[in-house]
Every structure is written in C-alpha cells, then in structure tokens.
Amino acid sequence: MNLPTQIAQAIGKRVTIRLRDSDGTFRDVVGVLQSETTLINRRGESISFDPEAAVAFRVIPVFNRRDVSTGSLSMYDTMSRSLKTISSRDGAVRIYCCGPTVYRDAHVGNLRTFLLSDLISRTLQLTGLEVTLVQNITDVGHMADDFSEEDKMLAESEKTKVDPFEIARTFEARFHVDLQRLNIQGADSYPRASEKMPQMIAAIEKLIELKNAYVGSDGSVYFDATSFATYGALSGNKLEALKPGHRYEFTDEGGKRFHADWALWKLAGARTQMIWDSPWGAGFPGWHIECSAMSIELLDGHVDLHIGGIDLRFPHHENERAQSDSLTGDETVDTWVHGEHLLFEGRKMSKSAGNVVLLQDVIDRGLDPLSLRFALLENRYRSQMDLSWASLEAAHTTLKRWRQLLADAGNGTEIKFDQEISDALTTDLDTPRAMQRIRAIEKDSAIGALDKRALFLFADQVLGLELDRGVESKEASAEIKALLEARITARSEKNWALSDSLRDQLSDAGLEIKDGANGQEWSWR
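Residues numbered from 1 in each chain as written. Predicted model: local features only at pLDDT ≥ 70, side-chain atom pairs only at ≥ 80, totals over all residues. Heavy atoms only, no water.

## Here we look at the sheet that holds strand β3 (residues 38-40)
Taken in spatial order, the five strands make up an open sheet running β4-β3-β2-β1-β5, and their pairing is antiparallel. Of all strands in the sheet, those with a lone pairing partner are β4 (46-48) and β5 (54-59), marking the two edges. Put simply, the sheet's adjacent strands are angled 35° from each other on average, direction ignored. Pairing of strand β1 (residues 14-20) with β5 involves five bridges; the strand directions are antiparallel. (Pairing = 2+ DSSP bridges. Helix = DSSP H or I, 4+ residues; strand = E, 2+ residues; numbered from the N terminus. Axes fitted to C-alpha atoms, helices over the stretch in contact; angles between N-to-C directions.)

Spelled out as structure tokens, the structure:
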C-alpha cells in the first residue's frame, strides 16, 4: 500500500508525516488528519501538504490511560547534578536539541544523541504531554577542532571544490534520511544557522547594550565572560582556572580583553565565502550564539529541556547559557541533559583512526538500520558505550525474532499498559531495564500470545523498533536454492569443509543458516 493511500485511510487519527520539499529538504508535520491533504496541529492550526511528497508516515497510537500510572519523566540534570522532573507549560514541553554540523555524514555516535531526544520526546508523549522540539542545523560558524580558524564548512569546500552551501544541503538531506531510517520522529523546526543572521545580529546588539559583550580592538565582537556571575555552574569550570586555547575557539583573537571571552561576531578578514553584513562590518557569527538566538526565538524565550552530547557541555553549552540568560534576564533552560560518548570496538571514532561508522555501513552489512537503535537502547544514555559489530548483529537477530513473535499473534492493535516498563522509562530513561522487561515477557509462558503482542506494542511507542512491521519474506533465487541443496548433500557426505564454504556463500547472499535436529534451516538476515 503506497503512502498516499495509507494517509487517506488514517483520516481522523493523530499522525506524523515526513515530507520532502521542492528544495530537497525534509520537514515533519504532526497532528490530526482532517483530509487527505490537511491536518490540525496541537495549536489548532490547519496545515496543508501534498501526500505525494510524503516519504514516511506513522499513526501515533492512543490508548486509555485511566487507572494506570504513567508518572512523570525525571531526567538527570547536568546543572543540579541530580534527577529532576521535566517541567511543562500548559501541557507542553519545549525542547531544544543541538543538531548536526552538516559538512559530513552523522556517524553512529552523533546519532546516539539524536536518538536520545527522540526517546525523551516519546516518553513525554507517553505520559500525556505534548512536545515542541527544535533542532538546529549548523551550516556556518563551527570551527575545526584543531585550534585553526577554519570553518568546518569552508574546509570541506576547499577539499572537495564544491560550494559550501551545496555541501550543507547535501549532508542535511542525508541527515534526515538517517533519522527516518532510525525511526526518529521529526522535530517541529530545523532552523539553519545561515538563515537566522538577523536574529543572531539582534541578539549580539542586545548583549552589547547590556554590557555583556563588547567590540574588541580587532573589530570583532566578544562576550565578556566576567560579566556573567555564575559562569562555570554547568560544567564545573571556573574562569580563574581556565587557560588560553580551549577547544572550538579561534586562534586569532588578540582583540579580546580576557582569554576566556569568546567571539560572537568575527570580521571576515581574508574570508570571501559565507560572510554577511553587520553593524560591525562584513563577517560571520561565532558558533555559540546561534543556539541562543534560535532557542529564544522559536521556543518563546524559555527552554524546558536542553539536550546534547557530553562533549558540548563545555564550552558550547556553558557559553550558550551565559548568552541566553543574559538576554532573557532569567535562567533560560530548566533542565540540561547530556548523552555520553560512544566508542566503537573499544576505540573513539575518528577519521584519523579510520573507524568512523555510519548508519549506511550498518545497512551495507545486511543489518536492519533499527538494529542500531536496538543496540543503543540496551545501554544507559549517560554511560559511555562500546558498540561493536557483534552487538549490532545480535540486535538484528533479536529484532527479527520479536517481529516474528508479534506477527504470529496476528495484527491486533490493542496496547496493554505495563507498569514496570513505564517506571523504567520515566525514571531517567532506563531503557536497558525496559528491554530486560520485554525479554522477560517474551519468555513468560504464563502470558498469552495476544497479551505479549499488546505489551510489546505498549513498549514500542517509546522504543520505536517497529515491532509490528512483520518479518520480510522473499523467494530464494534458483542459484540460492542450488547452494542450499548442495550444502545438504555436503553435510550428508560429511564434507565439512565444503559445507562451511557453502555456508559462507549463503551468508554473503544474506541468508542465516541453522543446523538442528530437523536438519538445515534458513532465513533472511
């Protein structure tokens, strides 16, 4: 069934639809379908769309929450170093999640952070709250990590001889494809840094007016770190202990008054691309100001929950907090949540080490992309995780088994509440505990097949593993059938070397072979 037909059959239901716009970018619309081309969002606004532009579609399950306790979500707050209940305003939670710098593909470590925002959003929805999520697209102003003054976008442009904005749009589109593959719900807004210059310039002007920023002797604009009394409260770093040259800042900042100050606007100098006019001359924004300007504008001056990777805690989030609080005159963010680093097979992923793993690499190995989501769910978000090909393959196998379990139980849509799963998810997003509970339900012979399906569907509202998708079934080609028959013959003749060789060939073709009491069995991986 094609997507326009699925959309037509879901009129009256709450849905999320991912659309590809004419410029190749993606956007998501969420609300109750009124017709095949319109829906009403939570603010009561009518949104029109072209169903032929849909690339993904999902009905958002609704179940009766009476007589059950879904609780409220508590997350570990980096600022207070304690669990904190996520606050809401008028039944809605405003979330800002730092997005990608689109000069290359997001690797699986980056995707772990973006999955974190999805899991939090889904859990909040499970508790009955609405979510407004903003995720920025950094396409200018993010400096390379090696202390050079080179913008990451321009560095990639110089290397590939491709226009920097063309690079940005290409990798932005690929970022959205990866989100779709991982079943990550779309944000309400994906603002691009390059398209928010007026807001950033206005924010900088206000900071100068408030005496939190100044024009340096080199003509660039800097934030005065000493003007913000609680600088360091988020990261634990104290101004007097900071030494010159910390990461993500420029090396040519001789115009600032104090070494811990940071650039809000840099004059272009010899730079000829990705520059904009400003009251201080042609130039470009510093990295940190974009998030302050975007979150304040798009979330009405207050962020209930701010999400990012632990590497952003300092200096990015520390500097962002100083800027935002100075602009609003208040604590702009209620709760700061950070996801930990991801290693791959014991090592930090880096281009120099040659071990950067993309979601496409997972797919190229014949694994379901949601096997990555599965593997990430089995680890706490604020614990360092060591991902491996073995864990991804195990996740792929279990994912297939669970889908088969649900398929064998029919196609019912009943969702059955489970208190233990709910408690696990709402207590600092303890997904490993939720996954353990699912495994226990699977093995419990006292729970019937239909009840197991209903409990799995309840959990899958947050886990997002598409457990009701069924198991892919396709016919084996004549060549594969011949290899299977040849292997049966080899085993009967005890030709183990040939049997193993044929197994390898079948595995390369995407088959999983099992030898048991009933002989040779196979399935698609």
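## Some points on helix α12 (residues 431-443)
Taking 1.5 Å per residue, 13 residues should reach 18 Å; α12 reaches 19 Å between its end C-alpha atoms and fits that length. Among the residues making up α12, those that are buried are T431, P432, A434, M435, I438, I441 and E442. On the buried face of α12, the contacting elements are α2 (108-126), α9 (370-377), α10 (389-408), α11 (419-426) and α13 (449-463). One side-chain oxygen at the N-terminal end of α12 lies 3.2 Å from the backbone nitrogen of R433; it belongs to D430. (Expected span 1.5 Å × (residues − 1). Buried < 20%, exposed > 50% of the residue type's maximum accessible area, 1.4 Å probe, protein only. Contact = heavy atoms within 4.5 Å. Polar contact = N/O pair within 3.5 Å; in protein donor to acceptor, adjacent residues only side chain to side chain.)

## Some thoughts on the packing of α12 against α13
Between α12 and α13, whose axes approach to 10 Å, the crossing angle comes to 165°. Here α12 lies roughly antiparallel to α13, going by the angle between them. Relative to α13, α12 is oriented so that their crossing is left-handed. Contacts between α12 and α13 involve M435, I438, I441, E442 and K443 from the former and K452, L455, F456, A459 and L463 from the latter. Residues that form the contact of α12 with α13 fall into these classes: seven nonpolar, no polar and three charged. (Parallel < 35°, antiparallel > 145°, perpendicular 65-115°, else oblique. Left-handed = near helix turned anticlockwise from the far one by under 90°. Nonpolar A, V, L, I, M, F, W, Y, C, P; charged D, E, K, R; others polar.)

## Quick notes on the sheet that holds strand β13 (residues 283-285)
One open sheet accounts for four strands, arranged β10-β11-β12-β13; its pairing is antiparallel. Two strands in the sheet have a free side with no partner beyond their single neighbour: β10 (213-215) and β13. For this sheet the average axis-to-axis angle between neighbouring strands, irrespective of direction, equals 20°. As paired elements, strand β12 (residues 262-267) and β13 share three bridges and run antiparallel to each other. Looking at β13, one finds that K266 is bridged to F284.

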